[in-house]
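# Results of the structural survey
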Amino acid sequence: MLAFLLIPFALAAVVGIFVLYPWGHDQKTGADLGFGQSPVNGEVISAGATSCSEGEAGQGCVQLAVKMQDGPRPNQTIEQVVPTDPGSPRFAVGDQVVLSYAGENPDDPTSFQVVDFQRGLPLTLLALVFAAAVLVLGRWQGLAALVGLGLSLVMLVGFVLPAILAGEDPLLVAVVGAGLIMFIVLYLTHGFSARTSTAVLGTMLSLALIGVLSTAFSAATSLTGLDENTSSVIGALGAPIDARGLLLAGIVIGALGVLDDVTVTQTSAVWELRAANPSLSWRQLYGAGLRIGRDHVSSAVNTLVLAYAGAALPMLLAYTLSGRTFGEIVSSQAVAQEVVRTLVGSVGLVAAVPITTAIAALVAVQEPAEQPGEEGAERAKKRRRPGRTDGR
């Protein structure tokens, strides 16, 4: 039954990848479109207070001597003047920095500008710590989870982004990409079983509900999706990209990770309840699983809201200082799309609990119940020394 329900959707996702992938599309680079400049790594070797322009009194800026590590002038030193106002980063001797190169005369210091810090090494160390933590706790399943994470990133970078840039419908691309990510990651991490298939089906139904709700309420609230970054990208591309579809695609992809968590947890809870008491009926399994899900979803919804609020904190600060009322702030384009994103995702998250629990209970009662703790009992029996009894 599960195969009959899921195989057509898996095949549709695979076919969608081949249909929507921009075969032969020549995508212009950021430099061609006027975005950004060539990055050049360097190191600050000296820093001293100076005026921000010639002939001006005061010490409102810092003069940096930066030794470039690559780019058109490796191992050469250039002078840079950077401001020290509160909205600018502070640079000091020894900082590993990134300069932007305009691609003009490399002998002219004005062709370069210090814009950022190098973060490759600490980010790599953090990624290694994360991977080690996952492997220590999850072991082989943790390794499978890391592989699944890598494949998800490959799918986003290798399919979703190129297809949207090529002019394909963003929502359709997101649905196809999220569907294939869901199948690959869940089966790779948790194995091919009725339990995993139940979680996949629950995720798919909840994701469909989120897609319908986000489409309906983005239209009802007249969301355009044209924030500052989106407008800049569309203007530079000069291609007809559906901004609202891009917003909906972000909602679908963003909700997928949270849904995976809820559906896998609910499915595992129902299977463990079935193993602990094989005499439980479908109704009893559903009721017990739903009680577990209520605790899970109440904390997960709060997590989702706070995650979106934390990401939008600078924007919320700006609106707080604008002197506008709460209703005006919430109904503005930038905040309203985050409200729709949060509430639609939360509705899908809440709906995933009864949907997945009902499916899991229906499937679990059809399978032979496993005795809880069987593997642990076998390991304990093998470790037990001859002549010892449990009562000694």
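Residues numbered from 1 in each chain as written. Predicted model: local features only at pLDDT ≥ 70, side-chain atom pairs only at ≥ 80, totals over all residues. Heavy atoms only, no water.

### Considering a nonpolar patch on the surface
On the surface, a nonpolar cluster with roughly 630 Å² of combined accessible area is contributed by Leu 135, Trp 140, Leu 143, Val 147, Leu 151, Ile 184 and Leu 188. Within the residue set of the nonpolar patch, elements represented by two or more residues are α3 (120-165) and α4 (170-190). Sorting elements by how many residues they give to the nonpolar patch places α3 first, with five residues. Turning to its location among the elements, Leu 143 is positioned in helix α3. (Patch = residues over 30% accessible without salt bridge, like charges linked within 9 Å, V, L, I, M, F, W, Y side chains within 5 Å. Areas by Shrake-Rupley, 256 points an atom, 1.4 Å probe, with all protein chains shown as cover. Salt bridge = Lys/Arg side-chain N within 4 Å of Asp/Glu carboxyl O. Helix = DSSP H or I, 4+ residues; strand = E, 2+ residues; numbered from the N terminus.)

### Some details on the UniProt feature "transmembrane region" (unreviewed entry) in the protein
In the numbering used here, UniProt assigns the "transmembrane region" (unreviewed entry) feature to residues 120-137, 144-165, 171-188, 200-221, 241-259, 300-322 and 342-365. Counting secondary structure, residues 200-221 comes out at 95% helix and 0% strand; the distance between its end C-alpha atoms is 31 Å. Secondary structure over residues 342-365 splits into 96% helix and 0% strand, and the C-alpha atoms at its two ends are 35 Å apart. (UniProt positions renumbered as here; feature names shortened; annotations may be inferred.)

### Topic: the nonpolar core
Leu 6, Phe 159, Val 173, Met 182 and Val 200 are the most contacted members of the largest nonpolar core, which totals 60 residues. For this core, the element with the most residues is helix α7 (residues 243-276), which contributes twelve residues. If we ignore the near neighbours within four places in the chain, the residues touching Met 182 are Val 200, Thr 203, Met 204 and Leu 256. In this structure, Phe 91, Leu 99, Tyr 101 and Phe 112 belong to the second largest nonpolar core, which totals 14 residues. (Core = buried A, V, L, I, M, F, W, Y, C linked by side-chain atoms within 4.5 Å. Buried < 20%, exposed > 50% of the residue type's maximum accessible area, 1.4 Å probe, protein only. Contact = heavy atoms within 4.5 Å.)

### So, the packing of aromatic side chains
As enumerated under the stated definition, the model contains seven aromatic pairs in all. Considering the side-chain rings of Phe 183 and Tyr 187, the 6.5 Å spacing of their centres and the 15 degrees angle between planes classify their relative orientation as stacked. Of the two residues, Phe 183 and Tyr 187 both sit in helix α4, four residues apart, roughly one turn of that helix. Between Tyr 187 and Phe 192, the aromatic rings sit 4.7 Å apart at their centres with planes inclined by 15 degrees, giving stacked as the arrangement. (Phe/Tyr/Trp six-rings, centres within 6.5 Å; stacked < 30°, edge-to-face > 60°.)

### As for the environment of Val 270
Note that Val 270 resides in helix α7. Of the residues examined, Val 270 reaches a relative accessible area of 0% and is grouped as buried. Measuring from C-alpha to C-alpha, the distance between Val 270 and Leu 362 comes to 9.9 Å, with 92 residues separating the pair along the chain. In this view, Val 270 contacts Leu 285, Gly 289, Thr 357, Ala 360, Ala 361 and Ala 364; residues no more than four positions away in its chain are not counted.

### Some words on the sheet that holds strand β1 (residues 38-50)
On the basis of which strands lie adjacent, the open sheet formed by five strands has the order β3-β2-β1-β4-β5 and antiparallel pairing. Unpaired on one side and paired on the other, β3 (77-83) and β5 (112-117) mark the two borders of the sheet. In this sheet, adjacent strand axes meet at a mean angle of 45 degrees when their direction is disregarded. Bridge analysis of β1 against strand β4 (residues 96-101) gives six bridges, and the strand direction is antiparallel. Residue pairing across strands places Ser 38 opposite Tyr 101, the latter belonging to β4. (Pairing = 2+ DSSP bridges. Axes fitted to C-alpha atoms, helices over the stretch in contact; angles between N-to-C directions.)

### Some thoughts on empty space enclosed by the protein
It is a probe the size of a water molecule, rolled over the atoms, that shows where empty space is left. The full count for this structure, using the stated rule, is one cavity of 30 Å³ or more. The calculated volume of the largest cavity comes to roughly 60 Å³. Every residue along the wall of the largest cavity is listed here: Ile 210, Ile 251, Ala 255, Val 258, Leu 259, Leu 304, Tyr 308, Arg 341, Gly 345 and Leu 349. Only α7, α8 (282-311) and α11 (333-364) provide two or more residues apiece to the lining of the largest cavity. No other element matches the four residues that α7 contributes to the lining of the largest cavity. A per-class count over the lining of the largest cavity returns eight nonpolar, one polar and one charged. (1 Å grid on protein atoms, 1.4 Å probe; cavity = no way out; pocket = protein on both sides within 12 Å on 5 of 7 lines; lining within 4 Å. Points joined across faces, edges and corners; volume = space filled by probe spheres on them. Nonpolar A, V, L, I, M, F, W, Y, C, P; charged D, E, K, R; others polar.)

### Concerning the packing of α7 against α8
Contact geometry for α7 and α8: axes closest at 9 Å, N-to-C directions at 155 degrees. The orientation of α7 with respect to α8, classified from their angle, is roughly antiparallel. Seen from above, α7 lies across α8 with right-handed handedness. Counted together, Val 258, Asp 261, Val 262, Thr 265, Gln 266, Ala 269, Val 270, Leu 273 and Arg 274 of α7 and Leu 285, Ala 288, Gly 289, Ile 292, Gly 293, His 296 and Leu 304 of α8 form the full contact between these two elements. The residue makeup of the contact of α7 with α8, split by class, is nine nonpolar, five polar and two charged. (Parallel < 35°, antiparallel > 145°, perpendicular 65-115°, else oblique. Left-handed = near helix turned anticlockwise from the far one by under 90°.)

### A few points about α11
Taking 1.5 Å per residue as the helical rise, α11 with its 32 residues ought to reach 46 Å, and the 45 Å between its terminal C-alpha atoms agrees with that figure. The sharpest bend along α11 reaches about 30 degrees and sits at Ala 352, with the proline Pro 354 one to four residues further on. (Expected span 1.5 Å × (residues − 1). Bend = angle between axes of the 7 residues up to and from the residue.)

### Here's the deal with the pattern of salt bridges
Taken as a whole and judged by the stated rule, the model has two salt bridges. With a shortest N-O distance of 2.8 Å, Arg 119 and Asp 116 are connected by a salt bridge. With a relative accessible area of 41%, Arg 119 lands in the partly exposed category. Classification of Asp 116 as partly exposed rests on a relative accessible area of 28%. One salt bridge in this structure joins Glu 338 and Arg 341, with 3.3 Å as the shortest N-O distance. Separated by three residues within a single helix, Glu 338 and Arg 341 lie in helix α11, roughly one turn from each other. Neither Glu 338 nor Arg 341 differs from the other in exposure class; each is buried.

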